[in-house]
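Take a look at the letters that make up each chain.
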Amino acid sequence: MAQRWLPSLSALRAFEAAARHESAKQAAQELSVTATAISHQIRGLEESLGVALFVRKPRQLELTVQGRELQQVLETAFDSISAAVERLSAVPFRQGITLSTTPAVAVRWLLSWVCMLRDAHPNIDLRIHASHEPVALDGVTADIAIRYGDGHWPGLVAEKLFDNTFIATCSPHLDLHDPAQLPAHSLIHFRNEDAVSSPINWAAWQKLAKVPRLDVNAGLVFSDETHAVSAAVGAQGVALMSRQLIEDELREGRLMQPFGPEIEGKPFFLVYPESRRKDPTIQAVRDWIMAVPGGLCSV
């Protein structure tokens with residue numbers, strides 16, 4: 001492609017404004033310069049082109065034939081540039097961010113409240129990475145995460161979200177009220193090999209409850225907590241679940257806690273890199289999560 005030659009764009013802009021207003025003074029007011037500067041730009045343009053663009057009259061500029069031809073071309077070009085800039089500036093800058101969390105926290109706690117983030121920050125595109133395995137918060141795999149643990153992760157800010165209390169729970173249709181009845185019902189287990197640590201299980205519960213003839217290894221086994229909850233709601237057995245993740249079912253009476261004991265598991269924390277503490281997108285997602293009903297900051 002041949003190299004494009006153009007006169008000074010500042011001179012072309014000065015000429016177009018003067019031609020449109022038929023006045024150097026009004027062109028100067030539009031471009032926030034002096035009338036002398038406009039006149040100087042136009043004379044330089046005429047010299048570079050080798051033609052006169054205006055017939056200069058007292059208090060008025062009148063275009064020559066060559067000036068009229070250039071003015072029409074520039075008017076179309078500047079209109080096209082202006083329209084393109086307006087279209088581009090009308091498209092908001094979008095920022096993507098990946099939140100890593102367990103499937104149960106994503107489905108049973110966060111997803112119902114994504115609208116809060118969307119309403120407050122419509123330019124943020126949230127991607128949810130659901131996994132029991134902790135991933136790198138390197139800005140590629142994920143940026144921010146919800147994890148359960150002791151709250152100590154080197155290089156990460158950790159803010160506590162909620163406790164993680166495990167309870168025996170079942171459908172009211174089972175008519176279960178006494179631990180002695182438990183061996184007559186199926187136990188529902190959640191086991192996932194990718195989990196960062198073993199969740200509270202029926203064996204741990206039985207050490208406290210000491211229910212006679214209870215086989216803690218028998219029953220239904222699910223690799224997804226949400227499936228275990230669905231089985232319990234469907235009266236398929238008794239599940240040992242985090243109470244914080246089944247609050248809706250307990251409140252609505254679809255699940256009940258027939259008896260104790262309760263076991264405290266590791267709390268859930270919001271974590272993100274210390275180096276990104278002041279990142280506005282991280283802070284926007286952080287503020288949204290902290291405001292989600294059920295967390296410590298929303299109580």
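Below you will find a few notes about this structure. (Residues numbered from 1 in each chain as written. Predicted model: local features only at pLDDT ≥ 70, side-chain atom pairs only at ≥ 80, totals over all residues. Heavy atoms only, no water.)

Right, let's talk about the pairing of strand 3 (residues 95-101) for a bit. In terms of burial, strand 3 is largely enclosed, as five of its seven residues are buried. Where strand 3 and strand 4 (residues 124-130) come together, seven bridges link them in parallel fashion. The residue of strand 4 that forms the bridge with T101 is A130. In the sheet, strand 3 pairs with strand 5 (residues 144-148) via two bridges, with the strands oriented parallel. Paired with S100 across the strands is A145, a residue of strand 5. (Buried < 20%, exposed > 50% of the residue type's maximum accessible area, 1.4 Å probe, protein only. Helix = DSSP H or I, 4+ residues; strand = E, 2+ residues; numbered from the N terminus. Pairing = 2+ DSSP bridges.)

This part is about the sheet that holds strand 3. Overall, mixed pairing links the five strands, which are arranged 4-3-5-12-6 in an open sheet. Edge positions in the sheet fall to strand 4 and strand 6 (156-162), since each of these pairs with one other strand and no more. Taken over all neighbouring pairs, the strand axes of this sheet differ in orientation by 25° on average, direction set aside. With four bridges connecting them, strand 5 and strand 12 (residues 268-273) associate as antiparallel partners. Within strand 12, the position partnered with A145 by the bridge is V271. (Axes fitted to C-alpha atoms, helices over the stretch in contact; angles between N-to-C directions.)

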